[in-house]
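Residues per chain, in single letters:
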Amino acid sequence: EKSQDCMYLQYCKVCQSYKAPRSHHCRKCNRCVMKMDHHCPWINNCCGYQNHASFTLFLLLAPLGCIHASFIFVMTMYTQLYNRISFGWSSVKIDMSAAKRDPRPIIPFGLSAFAASLFALGLALGTTIAVGMLFIIQMKVILTNKTSIESWIEEKAKDRIQYYQTGETFIFPYDTGSKWKNFKQVFTWSGVPEGDGLDWPVRDGCHQYTLTIEQLKQKADKRVRSVRYRAVEDYSGICCPVNKGVKTFFTTPCTEEPRIALSKGDLILATRGLKHWMYGEKILDSAADGGIRERGWFPRKCVEKYQCDSEMDQPVDGEKKNR
């Protein structure tokens, strides 16, 4: 509504519009999502403002259902094996052909049924542990009125302040200080979350754009610290390239982030990296690409540092402290 507020907002080149506070663009959904937490492949959708409560309840009910299933599997195997075990003086025998004491069950319980039940029990227990941990993580961020992305932004803000020694203090603006109030912003009796997804109550000393200003600072810092590389080998963009070395093959990043194909001579702006892999954005002709950005991982072996930027990559000490 206020045009002067655009200076505090991030601009999405894909959606061709400004991002609302707490919004992020999802590459999988190809849209900006209000209060985005993450993209979940299991529900084939983003977890955000509209469905954060429903997704958290799903994380709670799925382990409860698996615990119920585990109890049924354990009792089934116990009762069926108990009726088939015979104890001798020197050995214990299990006859899987038929029950010893009870009449034949409605569903025959043979060796294949036992193996299937044991396998299903392992899946149920594994799902209980994995999804249960996700539920605990989600509840922690909800009680502080954050999302998983905002928790990461807060950590990067602390790293940025410590690296440049600016002396400033970043305060997360949306934490009301009360866990119950934070909880009620997500979980309501009607099932509809509070607010409109655009304006949020903030702490004293903060305003609506405190977080977006910090994001703009982090993006500027990211551009300063990025290094330009030139591709010296072609790379097809596959997840585990066999022809780029054994170490590159076995150390491929375990992430959903994409890989980008490289042709010899391409310029890439690298922002982070591992020992054998790097992440960056391909430098394209802004007039020809139509605003499309190609970002992803690529093998470090395929690129070399662009010599023209060698003197600009390392800032002097005085410049680093003044940024």
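Residues take numbers from 1 onward in each chain, read along the sequence in its written order. With the structure being a predicted model, the display of local features is reserved for residues of pLDDT at least 70 and the display and counting of side-chain atom pairs for 80 or more, all residues being used for whole-chain, interface and lining totals. To obtain the side-chain values, all non-hydrogen atoms of the structure were included, while hydrogens and water were left out.

S.K.: Help me understand the side chain of Gln185 in this model?
M.R.: Topologically, Gln185 is positioned in helix 4 (residues 179-186). On the accessibility criterion, Gln185 (8% relative accessible area) is buried. Two residues qualify as a contact provided that any one of their heavy atoms is within 4.5 Å of a heavy atom in the partner residue. Excluding its chain neighbours within four sequence positions, the residues that come into contact with Gln185 are Asn145, Thr176, Pro193, Glu194, Trp200 and Pro201. Strands are runs of DSSP state E lasting at least 2 residues, helices are runs of H or I lasting at least 4, and numbering of each runs from the N terminus. To sort residues, take the accessible area from a 1.4 Å probe on protein chains only and compare it with the maximum for the residue type: under 20% means buried, over 50% means exposed, and anything in between is partly exposed.

S.K.: Is there a simple way to think about the packing of helix 1 (residues 52-82) against helix 2 (residues 111-143) in this case?
M.R.: Packed helices, taken two at a time, are described by their axes: the angle between them and the distance between them. All axes are obtained by fitting lines to C-alpha atoms, using only the stretch in contact for helices, and the reported angles, taken between N-to-C directions, cover 0 to 180 degrees. Packing of helix 1 against helix 2 brings their axes to within 8 Å, and their N-to-C directions diverge by 155°. For the element pair helix 1 / helix 2, the angle class is roughly antiparallel. The crossing of helix 1 and helix 2 is left-handed. When residues are sorted by character, Ala, Val, Leu, Ile, Met, Phe, Trp, Tyr, Cys and Pro go into the nonpolar class, Asp, Glu, Lys and Arg into the charged class, and all the rest, Gly among them, into the polar class. Class assignment of the residues belonging to the contact of helix 1 with helix 2 gives a composition of 22 nonpolar, 8 polar and no charged. For classification purposes, angles smaller than 35 degrees are called roughly parallel, those larger than 145 roughly antiparallel, those between 65 and 115 roughly perpendicular, and all remaining angles oblique. The hand of a helix crossing depends on one turn: near helix anticlockwise from the far one by less than a right angle means left-handed, and clockwise means right-handed.

S.K.: Would you explain the packing of helix 3 (residues 148-164) against helix 5 (residues 210-225) in this entry?
M.R.: As a packed pair, helix 3 and helix 5 sit with axes 10 Å apart at the nearest point and diverge in direction by 60°. Classed by the angle they form, the pair helix 3 and helix 5 counts as oblique. The hand of the helix 3/helix 5 crossing is left-handed. Listed contacts from helix 5 to Glu150, Ile153, Lys156, Ala157, Arg160, Tyr163 and Tyr164 of helix 3 are Leu211, Glu214, Gln215, Lys217, Gln218, Asp221, Val224 and Arg225. Broken down by class, the residue content of the contact of helix 3 with helix 5 amounts to 6 nonpolar, 2 polar and 7 charged.

S.K.: It is not clear to me how the UniProt feature "transmembrane region" (unreviewed entry) in the protein chain should be interpreted in this structure. Could you clarify?
M.R.: According to UniProt, the positions carrying the feature "transmembrane region" (unreviewed entry) are residues 57-78 and 106-137. Across residues 57-78 one finds 100% helix and 0% strand; the C-alpha atoms that close the span lie 32 Å apart. UniProt positions are given in the numbering used here, feature names are shortened, and annotations may be inferred rather than shown by experiment.

S.K.: Hey, could you run me through a nonpolar patch on the surface in this one?
M.R.: Residues enter patches when their relative accessible area tops 30% and they take part in no salt bridge; the joining distance is 9 Å for like charges and 5 Å for the nonpolar side chains Val, Leu, Ile, Met, Phe, Trp and Tyr. Using the Shrake-Rupley algorithm and a 1.4 Å probe, accessible areas are obtained, with residue cover drawn only from the displayed protein chains. Definition used for salt bridges: Asp or Glu carboxyl oxygen within 4 Å of a side-chain nitrogen of Lys or Arg. On the surface, Phe71, Ile72, Val74, Met75, Tyr78 and Tyr82 cluster together into a nonpolar patch covering about 630 Å² of accessible area. For Tyr78, the location among the structural elements is in helix 1.

S.K.: How should a positive patch on the surface be read in this particular structure?
M.R.: Charged-residue counts in this description rest on Lys and Arg as positive and Asp and Glu as negative, His and the chain ends being excluded. To locate a charge, the coordinates of NZ of Lys, CZ of Arg, CG of Asp or CD of Glu are taken. On the surface, a cluster of positive charge is contributed by Lys13, Lys156, Lys219, Lys222 and Arg223. For the positive patch, the element with the most residues is helix 5, which contributes 3 residues.

S.K.: Whenever I open this one, the packing of aromatic side chains confuses me. Can you help?
M.R.: One pair of aromatic rings is described through two measures. These are the centre distance and the angle between the planes. For Phe, Tyr and Trp, where Trp contributes only its six-membered ring, two rings pair if their centres lie within 6.5 Å, and the inter-plane angle classes them as stacked under 30 degrees, edge-to-face over 60, or tilted in between. Per the counting criterion, the structure on display carries 11 aromatic pairs. Ring centres of Phe183 and Phe187 lie 4.6 Å apart, and the angle between their planes is 20°; this geometry places the pair in the stacked category. The class for Phe183 is partly exposed, based on a relative accessible area of 23%. Taken together, the ring pairs in this structure connect Trp180, Phe183 and Phe187 into an aromatic cluster. Counting as a charge over the ring demands two things of the Lys NZ or Arg CZ atom: a distance within 6 Å of the ring centre and an angle within 35 degrees of the ring normal. In this arrangement the basic side chain of Lys146 is found over the ring face of Phe172, its NZ or CZ atom lying 5.4 Å from the centre.

S.K.: Looking at this structure, how should I read the environment of Thr212?
M.R.: You can see Thr212 is positioned in helix 5. The sequence separation of Thr212 and Gln10 amounts to 202 residues, and the corresponding C-alpha distance is 7.1 Å. Here Thr212 is in contact with Tyr8 and Pro21, once residues within four sequence places are set aside. For Thr212, the side chain forms a polar contact with the main-chain oxygen of Tyr8, separated by 2.9 Å. Any N or O atom pair separated by 3.5 Å or less is treated as a polar contact, with the protein-specific requirement of one donor-capable and one acceptor-capable atom, and with residues adjacent in sequence counted only for side-chain atom pairs.

S.K.: Please explain the sheet that holds strand 11 (residues 277-282) as it appears in this structure.
M.R.: Two strands qualify as a pair provided DSSP detects at least 2 bridges between them. Reading across the sheet, the 5 strands line up as 12-11-10-9-13 and stay open at both edges, with antiparallel pairing between neighbours. Strands at the two margins of the open sheet, each flanked by one partner only, are strand 12 (295-299) and strand 13 (303-305). The mean inter-strand angle of the sheet, taken between neighbouring strand axes irrespective of direction, is 45°. One ladder, built from 5 bridges, connects strand 10 (residues 267-273) with strand 11; its direction is antiparallel. Within strand 11, the position partnered with Gly273 by the bridge is Met278.

S.K.: How do you make sense of the pattern of salt bridges when you look at a structure like this?
M.R.: Charged atoms that come close allow side chains of opposite charge to pair. Considering all chains together, one arrives at 10 salt bridges under this definition. In this structure, Arg22 and Glu150 form a salt bridge, with 2.7 Å as the shortest nitrogen-oxygen distance. Of this pair, Arg22 sits in the loop between strand 2 (17-18) and strand 3 (24-26) while Glu150 is found in helix 3, placing the two residues 128 residues apart along the sequence. For the pair Arg22 and Glu150, one class covers both residues: buried. Note that Glu168 is salt-bridged to Arg160, the shortest N-O span being 3.2 Å. Judged by its relative accessible area of 6%, Arg160 falls in the buried class. Beyond isolated ion pairs, a larger network of salt bridges with shared partners links Arg160, Glu168, Glu214 and Lys217.

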